[in-house]
Structures are given as C-alpha cells and as structure tokens.
Amino acid sequence: QVQLVESGGGLVQAGGSLRLSCAASGLTFSMYSMGWFRQAPGKEREFVAAISRSGGSTNYADSVKGRFTISRDNAKNTVYLQMNSLKAEDTAGYYCAAARGVMWTTSSPYDYWGQGTQVTVSS
C-alpha cells in the first residue's frame, strides 16, 4: 500500500520559513517524480514545485520561484519543500504527490497523493 505522509506545516509570520517533508512508502521511490501542490479555501488546487526522479531537474510555479526549493533524498524516500520569505498568500494546505516517470506541473498525471499539511502565514 502506497503512503505519502506530509509533515512540517504550521503557523509562521510573514517573512519566515518552513520546511515541509513528505515520506513515501510502498513504492520504488526513485522511479517516481514528486510534486508539491497547494490548495487554499475556496480555490483550486495549484502546482507549487516538482522534481525529477534523480533530483536533477526541478520546476516551480512563478509565484514561488526564488523563495521555495524542492529537493529529495532517495535513500530516505523523502521529498522536501523549503519555503522562505513566506507571504500571507502562501497560506494553504500543502500536498505532495508521486507520478511514475517524468515530472508534471498539472495534477492529473500524479498517481498518489498525501493527506496534506496546513501552512498558515500571518501578516
């Protein structure tokens, strides 16, 4: 059974930082590209960042480019999202997802999803 478990969310002041983690089990992690998405109340789920299977390629939404960094540790079956210079508009539930093969910036190709972790940024 595949499980993706996010952690690291919380309440932070604007300008602060958080590091999200997503631990994967039940799959061959190195065969999956990983993505982070977020969803704020009343809004559609949106792409945040993605990383290739090896970690050699990454992709970011324009809204987070230069502030967020996605990385992965295939030995630990974990993907991370380092979030710096957080803004109130970053407040959302953050979800990690796994896609077999190449990375995607849309949600539909992703095969597995975590339950999410809440990030709240106070202004």
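Residue numbers run consecutively from 1 along every chain, following the written order of its sequence. Confidence filtering applies because this is a predicted model: local features only for residues at pLDDT of at least 70, side-chain atom pairs given and counted only at 80 or more, and all residues used for totals across whole chains, interfaces and linings. Think of the side-chain values as coming from all heavy atoms in the structure, minus any hydrogens and water.

Enquirer: Help me understand the nonpolar core, please; the structure alone is not making it clear to me.
Expert: Side chains of a nonpolar character, in soluble globular proteins, are inclined to be buried together. Counting 36 residues, the largest nonpolar core has Met-34, Trp-36, Leu-81, Met-83 and Tyr-94 as its most contacted members. Per the convention used, a helix needs a DSSP run of H or I reaching at least four residues, while a strand needs a run of E reaching at least two, with both numbered from the N terminus. Contributions of two or more residues to this core are made by strand 3 (18-25), strand 4 (32-39), strand 5 (46-51), strand 7 (68-73), strand 8 (78-83), strand 9 (92-100) and strand 11 (117-122). Setting aside its immediate chain neighbours within four residues, Met-34 contacts Leu-4, Cys-22, Phe-29, Ala-49, Ala-50, Ile-51, Ile-70, Arg-72, Val-79, Ala-97, Ala-98 and Tyr-110. Only buried Ala, Val, Leu, Ile, Met, Phe, Trp, Tyr and Cys residues count toward a nonpolar core, and they belong to the same one when joined by side-chain atoms within 4.5 Å. Each residue is placed in one exposure class: buried if its accessible area under a 1.4 Å probe, protein chains only, is under 20% of its type's maximum, exposed if it is over 50%, and partly exposed if it falls in between. The contact criterion used is simple: two residues touch if any of their non-hydrogen atoms lie within 4.5 Å.

Enquirer: I'm lost on the pattern of salt bridges in this one. Help?
Expert: Any two side chains of opposite charge can pair, so long as their charged atoms come close to each other. Every case where a carboxyl oxygen of Asp or Glu lies within 4 Å of a side-chain nitrogen of Lys or Arg is listed as a salt bridge. By the definition in use, this model includes 4 salt bridges. Note that Arg-38 is salt-bridged to Glu-46, the shortest N-O span being 2.5 Å. Owing to a relative accessible area of 36%, Glu-46 belongs among the partly exposed residues under this scheme. Residue Asp-90 pairs with Arg-38 through a salt bridge whose shortest N-O separation is 2.9 Å. Of this pair, Asp-90 sits in the loop between strand 8 and strand 9 while Arg-38 sits in strand 4, and the two are 52 residues apart along the sequence. No difference in accessibility class separates Asp-90 from Arg-38, as the two residues are buried. Shared partners join several salt bridges into a network, and the residues in it are Arg-38, Glu-46, Arg-67 and Asp-90.

Enquirer: Could you clarify how one ought to interpret the packing of aromatic side chains in this entry?
Expert: Think of a pair of aromatic rings as described by two things: how far the centres are apart, and how the planes are tilted against each other in angle. Here a pair means two rings of Phe, Tyr or Trp (six-membered ring of Trp) with centres within 6.5 Å. Their orientation is stacked below 30 degrees between planes, edge-to-face above 60, and tilted elsewhere. If you walk through the whole model with that rule in mind, you get 5 aromatic pairs. Each ring, one from Phe-37 and one from Tyr-110, has its centre 5.3 Å from the other, and the planes form 80°; the classification is edge-to-face. Note that Phe-37 is positioned in strand 4 and Tyr-110 in the loop between strand 9 and strand 10 (112-113), a separation of 73 residues in sequence. You'll find Phe-37 and Tyr-110 in the same group, each marked buried. Between Phe-37 and Trp-113 the ring centres are 5.1 Å apart and the planes differ by 55°, which places this aromatic pair in the tilted class.

Enquirer: Would you take a moment to explain the state of the cysteines for this structure?
Expert: The bond known as a disulfide is covalent and runs between the sulfur atoms of two cysteines. Disulfides are defined in this document as cysteine sulfur pairs within 2.5 Å. If you walk through the whole model with that rule in mind, you get 1 disulfide. Between the sulfur atoms of Cys-22 and its disulfide partner Cys-96 the distance amounts to 1.9 Å. Its S-S torsion of approximately 45° makes the covalent link between Cys-22 and Cys-96 right-handed. Of this pair, Cys-22 sits in strand 3 while Cys-96 is found in strand 9, placing the two residues 74 residues apart along the sequence. For the pair formed by Cys-22 and Cys-96, the shared burial category is buried.

Enquirer: Can you walk me through the sheet that holds strand 3 in this structure?
Expert: Each strand in a sheet pairs with its neighbour through backbone hydrogen bonds, running either in the same direction (parallel) or in the opposite one (antiparallel). Paired strands are those between which DSSP finds at least two bridges. One open sheet holds the 4 strands; their spatial order is 1-3-8-7, and the pairing between them is antiparallel. With partners counted over all chains shown, the strands left at the sheet margins are strand 1 (3-7) and strand 7, one partner each. Put simply, the sheet's adjacent strands are angled 15° from each other on average, direction ignored. Note that strand 3 and strand 8 share 6 bridges and pair antiparallel. Within the sheet, the bridge partner assigned to Cys-22 lies in strand 8 and is Val-79. Convention adopted: a line fitted to C-alpha atoms gives each axis, helices being fitted over their contacting stretch, and angles between N-to-C directions are expressed from 0 to 180 degrees.

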